[in-house]
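Results of the structural survey
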Amino acid sequence: MDGDAMLAAFFPLYTLGTEGSYGDASKDEENKPPPKFQCSFPRFTFQNYQFVLALTFAVEEINKNPALLHNVTLGFGIYNVQFEAWKSFKNPFMSLFGNCNSPNYSCRRESKSIAVLTGPSGLTSAQMGTLLDLYKFPQLTFGTFDQALSDHNRFPALYQMAPKDTSMATAMVSLLIHFRWNWVGLLTLEDENGLWILPALKEEMAKKRVCIAFELTIPNYAMSLKFVVVNDQINKSSANVLIIYVDNESLLHLMTCVEQYFIKGKVFIMNSQWDLTTRRRYFLLGSFHVPLLYSHHHTEVYGFTDFVKAMNPSTYPEDFFLARLWFLSFNCSDSESDCVTWENCPRDASLDWLPGHTFDRTMSANSYNIYNAVYAVAQALHEMLLHQAEVQTIGNRKEPVPSPAQLHGFLKNIQFHNPAGDQVTLDEKRKLEAEYDIVNIWTFPEGLELKLKVGKFSPYAHQLFFSEDMVDWAMGTTKPPHSVCSDSCGPGFRKSLQEGKAACCFDCIPCSEDDIANETDMEQCVKCPDHQYANTQRNQCLLRAASFLAYGEPLGMALACMALGLSTLTAAVLGVFVKHNNTPIVKANNQALSYILLLSLIFCFLCSLLFIGHPNTVTCILQQTTFGVVFTVAVSAVLAKTVTVVLAFKVTSPGRRMRWLLVSGAPNFIIPICTLIQVTLCGIWLGTSPPFIDTDTHSEHGQLIILCNKGSLTAFYCVLGYLGSLALASFTVAFLARNLPDTFNEAKFLTFSMLVFCSVWLTFLPVYHSAKGKVMVVVEVFSILASSAGLLGFIFVPKCYIILIRPDRNCLHGFRDKTHTGRNKSS
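Residues numbered from 1 in each chain as written. Predicted model: local features only at pLDDT ≥ 70, side-chain atom pairs only at ≥ 80, totals over all residues. Heavy atoms only, no water.

1. Quick look at the overall build of the protein chain
Heads up, the rule is: Going along the chain from the N terminus, every DSSP run of H or I of four or more residues is numbered as a helix, and every run of E of two or more is numbered as a strand. Here, two residues are considered to be in contact whenever any of their heavy atoms come within 4.5 Å of each other. Per-residue and other accessible areas were derived by the Shrake-Rupley procedure at a 1.4 Å probe size, with only the shown protein chains allowed to occlude residues.
Summing up its helical and strand segments, the protein chain has 22 helices and 26 strands in all. Nonlocal contacts in the protein chain, meaning residues at least 24 apart in sequence, comprise 69% of its contacts between residues at least 6 apart. When the accessible surface of the protein chain is split by element, carbon and sulfur atoms take 58% of a total near 39,900 Å².

Here it is, written out as structure tokens:
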């Protein structure tokens, strides 16, 4: 298409193929018998012809727009990109200098080219850029953004139309997080793009705790040979997801290798798309792998689809490539002639007739970049013409089109909105972040394939929208595969990293008692509060039930009944002693001491009730102090009785000091002195660290045991030790007096009672230390009752037996008869 200003477009409209390997939609060419030797030859690429359509559509739209390029029309020339490396400069050379064999000498009278379009291959654009930069031609590439081309020192005249993939790593990792894939492989090329994407992917994966199972880097010049080596690593790896970041051409060869080496069950997350028509011989019904492609999202260009439907060779007779497409698609030539006769074509033939997998009528991302590139050149040329009109006087003569070198200053600063409403800028620093469409390819028999949009990623809100039901998962499955090194640890378990392996490889360890994990993959278990406990599944804290030695439970009720019964019995014994207070057995061994001992025993039995029931501050203080003081009175009374017995039987002559001690009532002072010492110890205890209410959460699972803390264990054992020393002294004195005459002599009974008392409390110490929770209270209560019952039983039961059952022995005559009889027998 001719115009006042021309665009030179270099498109790869032919690919290199062999018979039966790479093909197009031409049935004639497909049905040719294979030659004896497989030779490479060029084949027309249907999908790439959309580049020509996008260019034509944009140029016509601009020329029809009266607001752009006043009195200047835009045209273009299309050149095929040679696939051999040594021919890559042929067409650019001819477009610049004509058919001259010498560079820098143009065989053309006048060159109207102001810019060049190249792509989609970054390698091809780089090769052409070396030549175009020599002549300051603006070069606009429409392929995916290439890091190698962003070096403005090497390519100062090159502009990339595609948005930068700054959010590609985030977009890919967000898909991994969506499916909870944390064990993936990486495959990149040994080029600038691979060196750029790898750190970005690793950083984003580290943030999201995604681990790399393996990392492969393949040189683009020997991909097939290298893939043979890495094939086993991909197939044998437990990672079912592979991130592939390569360019379109490399991806085509890579996917061919994937099918040839039968890699199945893997999900390939890729940044590029390949020509669907080149892979049909490798596919059956369904696919052995799942391709998920990230492509740049763009707004639909109004009118493009209708423009494609209306295209035919009669409206564009100069378009050789359209004629070639028509010839291959609709058999428009007689078999006897090589000349195209449009009369043999269907009159209503249209590109709309072609199947979607052969020719896509919706504008691709690369075609959209071409559309924007044409508008960018038009906008820059428009501004440059306006600038020239301001600085010079324009006469009637037609001004020549400015040189390509003058266009650079306007292209660098250009920024506008295209007819679709999207912002376009060539300055890489001002480019907006790209939004991505996620495309899945459905595979059908006979090479039929369908591209289906299944998701979208927005970098501005970091939101991923994905429809799992629309994905064609690998053959034989209907659900997405798992790709984890270790299965998630459910509630009740914590992760324990495996030594020497990645952070995604771990073992699941159950939480310990009273620790929970209420989420999956928790690093540490959380301890329940003291008033709560963990359930058996270790995933929830439950409220502990308050527990204490209550009157309502059988053990508490039994101990309370025992305390009340024994205290009643002691009171009855005291009543018997009061009633028979004039009898010799009551008067013997100091009647007042017997009353004091019985009263103290009553309080000893009753003080055990302070240990039963819900503890409070008052009961906690009274428990230990009452126990210590009352028992001190009882034991000191026993000690006084023992001393009284010894003094009574040791008095052999009047006037001696022992008789004076006995008559003066000196033993009676033992009780207040001993009690005063104990009261002093208790006072010090209460003043320094008194007992208080405490809880025990460890003794019984699920129980919050409420008990009294001793406060100061030192003070408690001092009180108990002082009480033990008094008991030991009483036992020693009673033991020494055990052989005295036994009528009305209670020395032996005092000995046995103190023996029981000391045995109970000596047994109490180890049992108390080994007990927990309520058992400690039970042990202490039982020791109080047992020791008190021992004093009551061994001291007062024999006397009650004489008073109530053998009253004949409760008299002084009986005592003398028994003494006389004993002496006769001894003589």
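Picking up where we left off.
2. Describing the state of the cysteines
The criterion, for reference: The criterion for a disulfide is a pair of cysteine sulfur atoms lying within 2.5 Å. Under the scheme applied here, a residue whose accessible area is under 20% of the maximum for its type counts as buried, over 50% as exposed, and between as partly exposed, the area being computed with a 1.4 Å probe on protein chains only.
According to the stated counting rule, one finds six disulfides in the structure shown. Disulfide pairing places Cys489 opposite Cys508 at an S-S distance of 2.0 Å. In this structure the cystine formed by Cys489 and Cys508 twists about its S-S bond by roughly -95°; its chirality is therefore left-handed. Remark: Cys508 occurs in strand β19 (residues 506–510) and Cys489 occurs in the loop between β17 (463–466) and β18 (493–497); sequence separation between them is 19 residues. Taking relative accessible area as the criterion, Cys489 reaches 1% and is therefore assigned buried. Bridging Cys528 to Cys541, the disulfide has an S-S length of 2.0 Å.

3. Some details on the packing of helix α11 (residues 365–391) against helix α12 (residues 404–412)
Stated precisely, the cut-off is as follows: Interaxial angles span 0 to 180 degrees and are taken between N-to-C directions of axes, which are lines fitted to C-alpha atoms, for helices over the stretch in contact. Under this scheme an angle from 65 to 115 degrees is roughly perpendicular, one under 35 degrees roughly parallel, and one over 145 degrees roughly antiparallel; angles in between are oblique. Only Asp, Glu, Lys and Arg are considered charged, only Ala, Val, Leu, Ile, Met, Phe, Trp, Tyr, Cys and Pro nonpolar, and every remaining residue, Gly among them, polar.
At a closest axis distance of 9 Å, the pairing of α11 and α12 adopts a crossing angle of 110°. The orientation of α11 with respect to α12, classified from their angle, is roughly perpendicular. Together, Ala376, Val377, Ala380, Leu381, Glu383, Met384, His387 and Gln388 of α11 and Gln406, Leu407, Phe410 and Leu411 of α12 make up the contact between the two elements. Among the residues forming the contact of α11 with α12, the class breakdown is eight nonpolar, three polar and one charged.

4. Details of a nonpolar patch on the surface
Operational definition: Without a salt bridge and with relative accessible area above 30%, a residue can belong to a patch; like charges are then joined within 9 Å and nonpolar side chains (Val, Leu, Ile, Met, Phe, Trp, Tyr) within 5 Å. Any carboxyl oxygen of Asp or Glu that lies within 4 Å of a side-chain nitrogen of Lys or Arg is treated as forming a salt bridge with it.
On the surface, Leu564, Leu599, Phe603 and Leu606 cluster together into a nonpolar patch covering about 350 Å² of accessible area. When residues of the nonpolar patch are assigned to their parent elements, the largest contribution, three residues, is made by helix α15 (residues 591–607). Along the chain, Leu599 turns up in helix α15.

5. Describing the packing of helix α19 (residues 713–736) against helix α20 (residues 747–770)
Applicable threshold: Take the far helix as the reference: if the near one is turned anticlockwise from it by less than a right angle, the crossing is left-handed, and if turned clockwise, right-handed.
Contact pair α19 / α20: the axes reach a minimum separation of 8 Å and the direction vectors enclose 150°. The orientation of α19 relative to α20 falls into the category roughly antiparallel. Pair α19 / α20 crosses with left-handed handedness. For the pair α19 and α20, the contacting residues are Tyr717, Leu720, Ala727, Leu728, Ser730, Phe731, Ala734 and Phe735 in the first and Ala747, Leu750, Thr751, Met754, Leu755, Phe757, Cys758, Trp761, Phe764, Leu765 and His769 in the second. When its residues are assigned to classes, the contact of α19 with α20 shows 16 nonpolar, three polar and no charged.

6. Describing the pattern of salt bridges
Inspection of the entire model under this criterion finds 12 salt bridges. Residue Arg544 is joined to Asp514 by a salt bridge in which the shortest nitrogen-to-oxygen separation is 3.1 Å. Here Arg544 is found in the loop between β23 (541–543) and β24 (545–547), whereas its partner Asp514 is found in the loop between β19 and β20 (515–516), with 30 residues between them in sequence. The closest approach of N and O atoms between Lys774 and Glu553, which form a salt bridge, is 3.5 Å. In this pair, Lys774 sits in helix α21 (residues 774–804) while Glu553 sits in the loop between β24 and α13 (554–579), placing the two residues 221 residues apart along the sequence.

7. Thoughts on the packing of aromatic side chains
The condition is simple: For Phe, Tyr and Trp, where Trp contributes only its six-membered ring, two rings pair if their centres lie within 6.5 Å, and the inter-plane angle classes them as stacked under 30 degrees, edge-to-face over 60, or tilted in between.
This structure, assessed with the given rule, holds 27 aromatic pairs. With a centroid separation of 5.0 Å and 70° between ring planes, the pair formed by Trp761 and Phe764 is classed as edge-to-face. Here Trp761 pairs with Phe764, and both are found in helix α20, just three residues apart, close to one helical turn. Each member of the pair, Trp761 as well as Phe764, carries the same accessibility label: buried.

8. Comments concerning the sheet that holds strand β5 (residues 113–118)
Operational definition: We call two strands paired when DSSP finds no fewer than two bridges between them.
Sheet architecture is open: five strands sit in the order β4-β1-β5-β6-β7, paired in parallel fashion. Strands at the two margins of the open sheet, each flanked by one partner only, are β4 (74–80) and β7 (158–160). Pairs of neighbouring strands in the sheet enclose a mean axial angle of 25°, with direction left out of account. Across three bridges, β5 lies against strand β6 (residues 139–141) in parallel orientation.

9. Overview of the environment of Ala420
For Ala420, the location among the structural elements is in the loop between β13 (415–417) and β14 (423–425). Judged by its relative accessible area of 22%, Ala420 falls in the partly exposed class. Sequence spacing of Ala420 and Asn372 is 48 residues, and the spatial spacing of their C-alpha atoms is 9.9 Å. In contact with Ala420, not counting residues within four places along its chain, are Thr299, Glu300 and Tyr368.

10. Points about helix α10 (residues 320–330)
Within the sequence span of α10, burial applies to Phe321, Leu322, Ala323, Leu325, Trp326, Leu328 and Phe330. At the C-terminal side of α10, Asn331 shows a positive phi close to 50°.

11. Brief notes about the pairing of strand β10 (residues 241–245)
The element β10 is largely enclosed, with a buried count of five among its five residues. Summarising the sheet, strand β8 (residues 183–189) and β10 pair through five bridges and their orientation is parallel. Opposite Gly185, over in β10, you have Leu242 as the bridge partner.

12. Description of unusual backbone geometry
Omega for the bond connecting Gly119 with Pro120 falls within 30 degrees of zero, at -5°, which places this linkage in the cis form. By the element assignment, Pro120 lies in the loop between β5 and α4 (122–134). Positive phi is not limited to glycine here, since Asp514 has a value of about 70°.

13. Considerations on empty space enclosed by the protein
To be explicit about the condition: Throughout, the protein atoms alone are placed on a 1 Å grid, and a set of points is a cavity if a 1.4 Å probe fits but cannot get out or a pocket if it is open with protein on both sides within 12 Å along at least five of seven lines; lining residues have an atom within 4 Å of a point. Grid points are joined across faces, edges and corners, and a volume is the space filled by probe spheres set on the points.
Per the stated rule, a full pass over the model turns up five cavities of 30 Å³ or more. Each pocket or cavity is described by its volume, and for the second largest cavity that value is around 40 Å³. The wall of the second largest cavity is formed by Asp514, Lys527, Cys528, Pro529, Asp530, Gln532, Arg544, Thr697 and His698. By residue class, the composition of the lining of the second largest cavity is two nonpolar, three polar and four charged.

14. Let's talk about the environment of Ala588
Relative to the helices and strands, Ala588 resides in the loop between α14 (584–587) and α15. Distance from Ala588 to Thr644, taken between C-alpha atoms, is 9.8 Å for residues 56 residues apart in sequence.

15. Observations concerning the sheet that holds strand β25 (residues 692–696)
The sheet built from three strands is open, its strands ordered β24-β26-β25 with mixed pairing. Two strands in the sheet have a free side with no partner beyond their single neighbour: β24 and β25. In this sheet, neighbouring strand axes are inclined to one another by 30° on average, regardless of whether the strands run parallel or antiparallel. The sheet contact formed by β25 and strand β26 (residues 703–709) spans five bridges and is antiparallel. The residue bridging Asp694 from the neighbouring strand is Leu707, located in β26.

16. Comments concerning the confidence of the model for the protein chain
Worth spelling out the cut-off: A score from 0 to 100, pLDDT tells how confident the predictor is in each residue.
Per-chain confidence: the protein chain averages 80 in pLDDT, with 80% of residues scoring 70 or above. Contacts of residues 394–398 to residues separated by more than four positions or lying in other chains number two contacts, the stretch itself having pLDDT below 50.

17. Topic: the side chain of Ser712
The residue Ser712 is located in the loop between β26 and α19 in this model. The buried category is assigned to Ser712, whose relative accessible area is 17%.

18. Observations regarding α4
How we decide: Here a helix's expected span is defined as the number of its residues, less one, multiplied by 1.5 Å. We define the bend at any residue as the angle between the axes fitted to the seven residues before and including it, ending there, and the seven starting there. A 3.5 Å cut-off defines polar contacts: any pair of N or O atoms within that distance qualifies, except that in protein one atom must be a possible hydrogen donor and the other a possible acceptor, and neighbouring residues in sequence count only when both atoms are side-chain atoms.
Taking 1.5 Å as the rise per residue, α4 with 13 residues should run 18 Å; its terminal C-alpha atoms sit 19 Å apart, in good agreement. Along its length, α4 reaches its greatest deviation from straightness, about 30°, at Met128. Those residues of α4 lying buried are Gly122, Thr124, Ser125, Ala126, Met128, Gly129, Leu131, Leu132 and Asp133. Of the residues that open α4, the one with a side-chain oxygen 3.3 Å from the backbone nitrogen of Leu123 is Ser121.

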